[in-house]
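Reading the structure
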Amino acid sequence: MLKFSTPMRSSPLLRSHLKTCHENLDISLLENNTLQFRAQGHGAKGDNEYEFSLEFLRPVRSEINHKSTQRQVDIKIKKQEEHWWDRLTLQEKKPLFLAPDFDRWLDESDAEMELQAKEEEKINRISVESRVRKDPYLGLKKGYLFMYNLVQFLGFSWVFVNMTVRLFILGQDSFYDTFHTTADMMYFCQMMAMLEVINPLLGLVKTGFFPAMIQVTGRNVILFVIFGSLEEMQNKPVVFFVFYLWSTIEIFRYPFYMLACIGTDWKLLTWLRYSLWIPLYPLGVIAEAVAVIQSLPIFDETRLFSFPLPAVLGHSLSFSYSLQLYLVLMFLGLFINFRHLYKQRRRRYRSRKRKVH
């Protein structure tokens, strides 16, 4: 005899109890919504092969869970939708071997009460979530970040376009006056970039403080100390390569963050933001290192920013020694930021891959 329960809830739809020791158990759900059962064992007819099939009244899920013991086989199948069934099988006449399991039976009124309790619990949960206080300044923060990234994008775009046009018109001659034509805008953008160090401290962005400080400080040393204070460096071609690599990276980075403020994602822009830094960031650091190396003899000769020393030790310590130490720190910063950007890229595309699957 098989006993089944047909509760309203979507957890167990039915459980079967076949009082037989079994071997070669085969339980499957056919395409026509029919449960097929076969087992070899000892039952009412002795050692024999037992089988049955049940075509359910309405669709059920394809997952079948069963548990076998020495006395019985428990089968659990879930309904595809939560609603009351008038009967278990498609055929109106109940099979002779089928009987209700009243230990698990739910009548229609009990099922309705359970559904009502579940709905009330859901409503209460939504009510509690709605009472959680939202950030009243969220719109203001997003507006500030959007405008900041927009201004930076326009500034670096101006530098990039200006240098590109002059390169096509003047060719290599444009290398020697890059600083005089674009320095003011680059000064403005890099002073604005100081906000990128402050924003993580204020909790406005999730980016780490340390990587932002490394990048902003490193660029400001090159721009204000190496290029800005030494006129001899301002006419060198290395200025063109440093500015061009900086602006190329930023004209894709800032629009990405700008659109993120309004919940917009362009796949091509996202890929460029998380991929272009792989060749451009190391090239930029190499160009900066070349600028530092070229400035060393100039600082030795001019004694600019030299450290005064006691008369016993000498007159002063050249600033070039500090720049030599800075070269070592520069490549250490390259490693730290490269690892940070790589983790960001891996996290971004791993999460997107999981969403697709």
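Keep in mind that this is a model prediction, so the values were computed, not measured.

**Points about the overall build of the protein chain**
- Each helix and strand counted, the protein chain has 10 helices and nine strands in total.
- Summarising the internal contacts of the protein chain: among those between residues at least 6 apart in sequence, 64% fall at separations of at least 24.
- Carbon and sulfur atoms make up 60% of the accessible area of the protein chain, which amounts to about 21800 Å² in all.

**Things to note about the nonpolar core**
- By size, the foremost hydrophobic cluster in this structure holds 48 residues, and its most contacted members are Ile 222, Ile 226, Phe 227 and Phe 243.
- For this core, the secondary structure elements donating two or more residues are helix H2 (138-170), helix H3 (178-192), helix H5 (209-229), helix H7 (238-260), helix H9 (277-302) and helix H10 (319-356).
- The element best represented in this core is H9, accounting for 11 residues.
- Apart from residues no more than four positions distant in its own chain, Ile 226 is found in contact with Val 221, Met 233, Ala 291, Val 292, Ser 295, Phe 299 and Leu 323.
- Listed in part, the 15 residues of the second largest apolar core include Leu 54, Val 73, Ile 75 and Trp 85.

**Some details on the pattern of salt bridges**
- In the structure shown here, the tally under the stated rule is four salt bridges.
- A salt bridge links Arg 253 to Glu 196; the nearest nitrogen and oxygen atoms lie 3.3 Å apart. With a gap of 57 residues between them, Arg 253 in helix H7 and Glu 196 in helix H4 (residues 195-202) connect regions that are remote in the sequence. Each of the two residues, Arg 253 as well as Glu 196, counts as buried.
- Counted as one network, the salt bridges with shared partners bring together Glu 196, Arg 219, Glu 250 and Arg 253.

**Let's talk about the packing of H5 against H7**
- Orientation of H5 relative to H7, taken along the N-to-C sense of each, is 150°, at an axis distance of 12 Å. Of the possible angle classes, the one that applies to H5 and H7 is roughly antiparallel. Between H5 and H7 the crossing geometry is left-handed. When H5 is examined against H7, the residues Gln 215, Arg 219, Ile 222, Leu 223 and Phe 227 are found in contact with a partner set consisting of Val 238, Val 239, Val 242, Phe 243, Trp 246, Glu 250 and Arg 253.
- Residue composition of the contact of H5 with H7, grouped by class: eight nonpolar, one polar and three charged.

**Some words on H9**
- The terminal C-alpha atoms of H9 lie 36 Å apart, and with 26 residues this matches the ideal 38 Å at 1.5 Å per residue to within 8%.
- At Ser 295, H9 shows its largest bend, some 30°, and a proline, Pro 297, comes one to four positions later.

**A few points about the confidence of the model for the protein chain**
- Averaged over every residue, the pLDDT of the protein chain is 81; residues scoring 70 or more account for 79%.
- Predicted confidence in the protein chain is weakest over strand E1 (residues 2-4), with a mean pLDDT of 46, and strongest over H3, with 96.
- This model gives residues 1-22 a pLDDT under 50, and the stretch forms 108 contacts once residues within four places in sequence are excluded.
- Predicted confidence for residues 353-357 stays below pLDDT 50, and this span has zero contacts to residues more than four positions away or in other chains.

**Some words on the side chain of Gln 190**
- If you trace the backbone, Gln 190 turns up in helix H3.
- A residue is classified by how much of its surface remains accessible, and Gln 190, at 1% relative accessible area, is buried.
- Leaving out residues up to four positions away in the same chain, Gln 190 has contacts with Phe 156, Val 216, Arg 219, Asn 220, Leu 223 and Phe 224.

**A word on a positive patch on the surface**
- Taken together, Arg 339, Lys 343, Arg 346, Arg 347 and Arg 350 make up a surface patch of like positive charges.
- Take Arg 350: it is sitting in helix H10.
- Judged by its relative accessible area of 41%, Arg 350 falls in the partly exposed class.

**Looking at the packing of aromatic side chains**
- Enumeration over the complete set of coordinates arrives at 17 aromatic pairs.
- Taken together, a centroid distance of 5.1 Å and an interplanar angle of 20° make the contact between Tyr 187 and Phe 224 stacked. Remark: Phe 224 occurs in helix H5 and Tyr 187 occurs in helix H3; sequence separation between them is 37 residues.
- For Phe 224, a relative accessible area of 31% corresponds to the partly exposed category.
- A centroid spacing of 6.1 Å and a plane angle of 35° characterise the contact between Phe 299 and Phe 305, whose relative ring orientation is tilted.
- Clustering of aromatic rings is evident, with ring pairs tying together Phe 160, Phe 175, Phe 240, Phe 241 and Tyr 244.
- Seen from the ring of Tyr 254, Arg 253 lies directly overhead, with NZ or CZ sitting 4.6 Å from the centre.
- Between the NZ or CZ atom of Arg 273 and the centre of the ring of Tyr 274, over which it lies, the distance is 4.7 Å.

Parameters and conventions
Residues numbered from 1 in each chain as written. Predicted model: local features only at pLDDT ≥ 70, side-chain atom pairs only at ≥ 80, totals over all residues. Heavy atoms only, no water. Helix = DSSP H or I, 4+ residues; strand = E, 2+ residues; numbered from the N terminus. Contact = heavy atoms within 4.5 Å. Areas by Shrake-Rupley, 256 points an atom, 1.4 Å probe, with all protein chains shown as cover. Core = buried A, V, L, I, M, F, W, Y, C linked by side-chain atoms within 4.5 Å. Buried < 20%, exposed > 50% of the residue type's maximum accessible area, 1.4 Å probe, protein only. Salt bridge = Lys/Arg side-chain N within 4 Å of Asp/Glu carboxyl O. Axes fitted to C-alpha atoms, helices over the stretch in contact; angles between N-to-C directions. Parallel < 35°, antiparallel > 145°, perpendicular 65-115°, else oblique. Left-handed = near helix turned anticlockwise from the far one by under 90°. Nonpolar A, V, L, I, M, F, W, Y, C, P; charged D, E, K, R; others polar. Expected span 1.5 Å × (residues − 1). Bend = angle between axes of the 7 residues up to and from the residue. pLDDT = per-residue confidence, 0-100. Patch = residues over 30% accessible without salt bridge, like charges linked within 9 Å, V, L, I, M, F, W, Y side chains within 5 Å. Lys, Arg positive; Asp, Glu negative; His and termini not counted. Charge placed at Lys NZ, Arg CZ, Asp CG, Glu CD. Phe/Tyr/Trp six-rings, centres within 6.5 Å; stacked < 30°, edge-to-face > 60°. Lys NZ or Arg CZ within 6 Å of the ring centre and 35° of its normal.

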